[in-house]
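Analysis of the macromolecular model
Chain by chain, the residues:
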Amino acid sequence: MLEIVNLRKVYGTTEVLRIPELRFAPGEIVGLVGNNGAGKTTLISLVLDLIEATEGQVLSKGMDVSRSENWKMYTSAYLDDSFLIGFLTPDEYFEFLGGLYNIGPADVREFVAQFESVFNGEVLGQKKYIRDLSMGNRKKVGLVGTLIGDPEVVLWDEPFANLDPTTQIRVRNLISDQSANRTFVVSSHDLHLVADVCTRIVILEKGQLVKNLQRSEFSELYAHFGVE
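A separate point is the overall build of the protein. In terms of regular secondary structure, the protein is built from eight helices and ten strands. What you see for the protein is a C-alpha radius of gyration of 18 Å, in line with the 17 Å of a compact globule of 228 residues. Across its three principal directions, the C-alpha atoms of the protein cover 45 × 45 × 35 Å. Counting every position in the protein, which comprises 228 residues, the buried fraction comes to 48%. Summed over all atoms, the accessible surface of the protein reaches about 10,900 Å², with 47% contributed by carbon and sulfur. Averaged over its 22 positive side-chain charges, the protein has a centre that lies 2 Å from the centre of its 31 negative ones.

Before going further, it helps to spend a moment on the packing of aromatic side chains. Each pair of aromatic rings is reported with the distance of its centres and the angle of its planes. The tally for this structure, following the rule as stated, stands at five aromatic pairs. Considering the side-chain rings of Tyr-93 and Phe-94, the 6.1 Å spacing of their centres and the 50° angle between planes classify their relative orientation as tilted. Judged by its relative accessible area of 6%, Tyr-93 falls in the buried class. Connected via pairs of aromatic rings, a cluster forms that spans Tyr-93, Phe-94 and Phe-119. For Lys-61, the ring lying beneath its charged end belongs to Tyr-74, and the centroid distance is 4.2 Å. Sitting above the plane of the Tyr-129 ring, Arg-131 keeps its charged end 4.7 Å from the centroid.

We now examine unusual backbone geometry. Located in the positive-phi region is Glu-158, a residue other than glycine, with phi close to 50°. As for its placement among the helices and strands, Glu-158 is situated in the loop between β7 (153-157) and α6 (165-178). Positive phi outside glycine occurs at Asn-162, with the angle close to 65°. Structurally, the position occupied by Asn-162 is in the loop between β7 and α6.

With that settled, the discussion passes to the environment of Ile-175. Positionally, Ile-175 belongs in helix α6. When the C-alpha positions of Ile-175 and Ile-29 are compared, they lie 8.1 Å apart, and in sequence the two are 146 residues distant.

This part takes up the pairing of strand β9 (residues 200-205). Here β9 lies mainly inside the structure; five of its six residues are buried. Sheet analysis places strand β3 (residues 29-33) next to β9, joined by four bridges and oriented parallel. In the strand pairing of β9, Leu-32 is matched with Val-202. Bridge count for β9 against strand β10 (residues 208-214) is six bridges, and the pairing is antiparallel. Bridged to Arg-200 within β10 is Gln-214. Remark: two residues form the turn of the hairpin made by β9 and β10, two consecutive strands paired antiparallel; Lys-206 in that turn has positive phi of roughly 50°.

Counted as a void, the largest pocket has a volume near 480 Å³. Along the walls of the largest pocket sit 20 residues, with Thr-75, Ser-76, Ala-77, Phe-83 and Tyr-101 positioned nearest its centre. By residue class, the composition of the lining of the largest pocket is 14 nonpolar, five polar and one charged.

Cut-off values and rules
Residues numbered from 1 in each chain as written. Predicted model: local features only at pLDDT ≥ 70, side-chain atom pairs only at ≥ 80, totals over all residues. Heavy atoms only, no water. Helix = DSSP H or I, 4+ residues; strand = E, 2+ residues; numbered from the N terminus. Rg over C-alpha atoms; globule rule 2.2 N^0.38 Å. Buried < 20%, exposed > 50% of the residue type's maximum accessible area, 1.4 Å probe, protein only. Areas by Shrake-Rupley, 256 points an atom, 1.4 Å probe, with all protein chains shown as cover. Lys, Arg positive; Asp, Glu negative; His and termini not counted. Charge placed at Lys NZ, Arg CZ, Asp CG, Glu CD. Phe/Tyr/Trp six-rings, centres within 6.5 Å; stacked < 30°, edge-to-face > 60°. Lys NZ or Arg CZ within 6 Å of the ring centre and 35° of its normal. Pairing = 2+ DSSP bridges. 1 Å grid on protein atoms, 1.4 Å probe; cavity = no way out; pocket = protein on both sides within 12 Å on 5 of 7 lines; lining within 4 Å. Points joined across faces, edges and corners; volume = space filled by probe spheres on them. Nonpolar A, V, L, I, M, F, W, Y, C, P; charged D, E, K, R; others polar.

In structure tokens, the structure reads:
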């Protein structure tokens, strides 16, 4: 589904990412793990063609994402609040997203209603603008919004940050429930939640891929970061 080929990103004289080869297959939940500055957000931004690679390619179904627009119709992502539209209510925002995929308002409402356990009565039907929601509730809107349109590829950057423990567990379960036949890429600092939900974990360090771990190897994840 996704393939990284000799990918490199340089700012000035500083190399911030160098990954010779990496693949993400349908049905995989891949965790991107690393300390601040490891290159996680840079990698996701390159996959989404938000920044230009210095060298190499990101291929989606064999298409170079920097040379084609077709991948955008089956790819969805949430990185931060800039992906939201602050002057809309959550209900309006979800309907707007549905319109991009020719999904009617009634069908959108029916779809997002299934995530009420995540919203916890604080998002839908509240008549509050997204910009006026708490940071955690804005994140909930962004995450659920990525699932509208049944995308084949979903990328989430730090989905567990700024969420209370109960909601973190619900988001973990959401990833698991929604991962069938999708490529899910999740960047996170939370080693335990990532290990709970991911089928594979990629560890980045100073812009380089240092470990590519299958589930049976996850004990190396904790050892790498000195966590029990």
